[in-house]
Amino acid sequence: MANPRPTKPKPPAGKLRPLNRPRPVRVRLGGAGVPVSLEIRGRWRRIGAVLDQWRIDDEWWREPISRAYFSIVLETGAQLTAYHDLMLDRWFLQPE
């Protein structure tokens, strides 16, 4: 019996497929540039708490990286890590 699900093309032999790639996310900010809500699957979710925040500036010898990270808890209780890519001025969710 044929498989009814469409299959994804396989990467060429010897090629690695990236895992846990950050995905873009829309963010609403409050005071001091701290996120207050995220749009996840088309719905805005309020952030209940910011547990931690830190900044990484690295890899100047290759391609500069400048990111502000936030460990957050949504009002639903889900804990996520989001970051603001300061070089691109874009927000991403970092898979856990």
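Quick note: structure is the one above.
Residues numbered from 1 in each chain as written. Predicted model: local features only at pLDDT ≥ 70, side-chain atom pairs only at ≥ 80, totals over all residues. Heavy atoms only, no water.

Points about the overall build of the protein
Phase 1: When you go through the protein residue by residue, the secondary structure sums to 0 helices and 7 strands.
Phase 2: Helices and strands appear in the protein in the N-to-C order β-β-β-β-β-β-β.
Phase 3: Expressed as a percentage of the 96 residues in the protein, the buried residues total 25%.
Phase 4: Taking contacts inside the protein between residues at least 6 apart in sequence as the whole, the part at least 24 apart equals 31%. (Helix = DSSP H or I, 4+ residues; strand = E, 2+ residues; numbered from the N terminus. Buried < 20%, exposed > 50% of the residue type's maximum accessible area, 1.4 Å probe, protein only. Contact = heavy atoms within 4.5 Å.)

Observations concerning the nonpolar core
Phase 1: Judged by nonpolar contacts, the single largest core of 13 residues is most densely connected at L38, L80 and L93.
Phase 2: Those elements that provide at least two residues to this core are strand 3 (35-40), strand 5 (65-74), strand 6 (79-85) and strand 7 (90-94).
Phase 3: In terms of residue count, the dominant contributor to this core is strand 5 (4 residues).
Phase 4: Leave out the neighbours within four places in its chain, and L38 touches V25, R26, V27, R43, W44, R45, I47, I72, L74, L80 and L93. (Core = buried A, V, L, I, M, F, W, Y, C linked by side-chain atoms within 4.5 Å.)

Considerations on the pattern of salt bridges
Phase 1: Evaluated as defined, the whole model comprises 4 salt bridges.
Phase 2: Here R26 and E39 are joined by a salt bridge, their closest N and O atoms 3.2 Å apart. Note that R26 is positioned in strand 2 (residues 26-29) and E39 in strand 3, a separation of 13 residues in sequence.
Phase 3: Owing to a relative accessible area of 53%, R26 belongs among the exposed residues under this scheme.
Phase 4: E39 sits in the partly exposed class, given a relative accessible area of 22%.
Phase 5: Among the ionic pairs, R62 bridges to E59, the shortest N-O distance being 3.6 Å.
Phase 6: With a relative accessible area of 64%, R62 lands in the exposed category.
Phase 7: Residue class for E59 comes out partly exposed when judged on its relative accessible area of 22%. (Salt bridge = Lys/Arg side-chain N within 4 Å of Asp/Glu carboxyl O.)

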